[in-house]
Amino acid sequence: MDKIRITGGRALQGVIPISGAKNAALPLMAACLLTDKPLELSNMPELADIATMAKLLEQHGATCERRKHKMTLCAAGVENVKAPYELVRTMRASVLVLGPLLARFGKAEVSLPGGCAIGTRPIDMHLKALEEMGASIKLRDGYVHASVKGRLKGANIIFDQVSVGATENILMAACLADGTTTITNAAREPEVADLARCLAAMGAEIEGIGTSRMTIRGKKKLHGASHRVVADRIEMGTYITCAAVTHGVVELTGADRAMLLPVIEKYEEAGVQFSDTKKGLRVSCPDGIRGVDVMTQPHPGFPTDMQAQFMALMSRARGASMITETVFENRFMHVPELVRMGANINVHGRSAMVRGVRNLRGAEVMATDLRASVSLVIAALAAKGDTLIHRVYHLDRGYERLEEKLAACGADIERVG
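What counts, and where the lines are drawn
Residues numbered from 1 in each chain as written. Predicted model: local features only at pLDDT ≥ 70, side-chain atom pairs only at ≥ 80, totals over all residues. Heavy atoms only, no water. Helix = DSSP H or I, 4+ residues; strand = E, 2+ residues; numbered from the N terminus. Expected span 1.5 Å × (residues − 1). Buried < 20%, exposed > 50% of the residue type's maximum accessible area, 1.4 Å probe, protein only. Phe/Tyr/Trp six-rings, centres within 6.5 Å; stacked < 30°, edge-to-face > 60°. Lys NZ or Arg CZ within 6 Å of the ring centre and 35° of its normal. Salt bridge = Lys/Arg side-chain N within 4 Å of Asp/Glu carboxyl O. Pairing = 2+ DSSP bridges. Axes fitted to C-alpha atoms, helices over the stretch in contact; angles between N-to-C directions. Contact = heavy atoms within 4.5 Å.

Peer 1: Give me helix α2 (residues 48-60): which residues, what numbers.
Peer 2: Taking 1.5 Å of rise per residue, 13 residues should cover 18 Å, and α2 covers 19 Å from first to last C-alpha, within 8% of that figure. Taken together, the buried positions of α2 are Asp49, Ile50, Thr52, Met53, Ala54, Leu56, Leu57 and His60.

Peer 1: Break down unusual backbone geometry for me, with residues and values.
Peer 2: Of the consecutive residues His299 and Pro300, the connecting peptide bond is found in the cis state with omega at 15 degrees. Here Pro300 shows up in the loop between β18 (294-295) and α10 (307-314). Positive phi is not limited to glycine here, since Arg391 has a value of about 60 degrees. Look at Arg391 and you get partly exposed, because its relative accessible area is 30%.

Peer 1: Give a detailed account of the packing of aromatic side chains, specifying residues and quantitative values.
Peer 2: Under the definition given, this model contains two aromatic pairs. Note on Tyr267 and Phe310: the rings are 5.5 Å apart at their centroids and 55 degrees apart in plane angle, and the pair reads as tilted. Pair noted here: Tyr267 is in helix α9 (residues 261-269) and Phe310 is in helix α10, with a separation of 43 residues, a long-range link. On the basis of relative accessible area, Tyr267 is assigned to the buried category, the value being 0%. A ring pair is formed by Phe302 and Phe310, whose centres lie 5.5 Å apart and whose planes are at 65 degrees; its orientation type is edge-to-face. Both residues of the pair, Phe302 and Phe310, belong to the buried class. Ring pairs connect the aromatic residues Tyr267, Phe302 and Phe310, which therefore count as one cluster. The aromatic ring of Tyr143 is capped on one face by Lys82, whose charged end is 4.9 Å from the ring centroid.

Peer 1: Account for the pattern of salt bridges, with residues named and values stated.
Peer 2: Inspection of the entire model under this criterion finds 22 salt bridges. For Arg415, the salt bridge identified is with Asp2, shortest N-O distance 3.4 Å. Here the residue Arg415 occupies a position in strand β24 (residues 412-416), and Asp2 occupies one in the segment before β1 (3-7), the gap between them amounting to 413 residues. For Asp2, a relative accessible area of 35% corresponds to the partly exposed category. With a closest N to O distance of 3.1 Å, Asp276 and Arg257 form a salt bridge. Taken together, the residues Asp276 in strand β16 (residues 273-276) and Arg257 in the loop between β15 (249-253) and α9 connect sequence positions 19 residues apart. By relative accessible area, Asp276 is classed as exposed at 54%. Where salt bridges share partners, they join Asp2, Asp396, Glu403 and Arg415 into one cluster.

Peer 1: Residues and numbers for the sheet that holds strand β14 (residues 225-228), please.
Peer 2: Across the sheet, four strands lie side by side as β4-β5-β3-β14; this open sheet has mixed pairing. Every interior strand has two partners, whereas the edge strands, β4 (63-67) and β14, have only one. Here the average twist between neighbouring strands, direction ignored, is 15 degrees. Here strand β3 (residues 39-42) runs beside strand β5 (residues 70-74); their pairing, made up of three bridges, is antiparallel. Residue pairing in the sheet places Leu41 in a bridge with Met71 of β5. In the packing of α2 onto the sheet, the strands contacted are β4 and β5, and the crossing angle to β4 comes to about 145 degrees. Along the sheet, helix α7 (residues 190-201) contacts β3 and β14; its crossing angle with β14, the most-contacted strand, is approximately 160 degrees.

Peer 1: Give me the sheet that holds strand β12 (residues 205-207): which residues, what numbers.
Peer 2: Strand order across the open sheet formed by four strands is β10-β11-β13-β12, with mixed pairing between neighbours. Strands with a single pairing partner mark the edges of an open sheet, and in this sheet they are β10 (156-158) and β12. This sheet shows a mean twist of 15 degrees between the axes of neighbouring strands, independent of strand direction.

This is the structure we're talking about:
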């Protein structure tokens with residue numbers, strides 16, 4: 001199994017291109033199931049999760065043609081509506097085929113999802129909303145068995161809490177429902193808005209894109225479209241952290257400041273400096289890092305997918321930081337590994353007190369999930385000596401050519417068998 005070796009202590013200098021967003025690309029791929037016409041997606045990242053979703057769609061009967069960062073999907077030949085356990089268990093986003101399959105074909109059989117071990121993340125809200133739209137839902141043998149007589153019906157959906165996945169699933173399902181669907185307390189993440197814009201290009205009628213209340217007027221059919229995937233704001237935030245923790249100077253090409261304002265504001269408070277360039281965003285940290293507090297929240301709050309990276313940064317800050325995780329209940333699994341590298345972190349329930357240390361030290365550490373993995377990379381870049389990170393397959397799920405991008409900016413990093 002591959003590992004990553006990093007010798008820390010080098011300030012990053014150079015240019016890092018930001019890839020298309022994984023969390024936008026996956027639901028966009030699922031949206032191909034809503035039509036029998038081709039859907040062309042550009043700025044697609046080359047990631048393990050993208051390959052997994054392509055396999056899932058292909059076993060349904062769709063075609064997925066890949067040409068570098070472009071993908072053409074067509075679901076004209078879909079006959080199989082079962083999403084099997086062996087594919088769904090590896091990636092939670094697989095559950096996003098449920099809404100489109102049910103809306104277009106009137107039935108779906110989808111394994112209960114897997115993915116990173118960062119919390120339970122149940123799909124109760126997905127199922128309850130589909131039932132409100134007229135679907136019959138049964139859970140049997142680890143699968144969701146969903147069916148509807150005729151077509152789904154428009155409904156007034158009110159989510160008890162903000163859920164990106166539930167919003168995306170119901171948004172897609174509503175596009176082919178009879179009547180009008182209103183989603184209240186909808187997720188406002190840029191990736192959700194990106195999906196809505198793509199659906200609109202496919203002929204959907206959607207109001208309130210980017211807000212907490214969306215109205216969808218169902219259509220009998222959608223058509224094909226061409227759509228460019230938005231930049232990956234979490235990759236952007238990750239490389240901001242890499243530059244800051246090494247006191248480097250990096251230009252992030254393709255970065256969009258507006259997509260990451262909650263993170264940029266906290267990082268500026270911590271001493272990181274930003275300036276816009278013609279191609280993106282320049283990041284530097286000439287005066288060191290100050291400890292600041294943060295609480296994760298749904299968008300437009302500080303994203304939970306940046307919590308681990310921020311913790312790695314705060315482990316090298318002057319002073320202390322209180323980091324509170326409100327989105328997932330089991331997202332501090334990187335703490336013991338950071339502590340192995342010399343970080344001073346104490347966890348109390350859903351909060352972690354991080355007291356900055358003068359130096360981190362290289363160590364052998366174990367990745368536990370996608371964002372935890374990259375927090376160890378960040379810590380290793382700043383640490384004295386060598387760090388060996390095990391189970392880096394997590395990184396391949398969400399970061400395209402990470403070692404190559406960091407090495408181009410002077411990092412001493414390599415993948416080893």
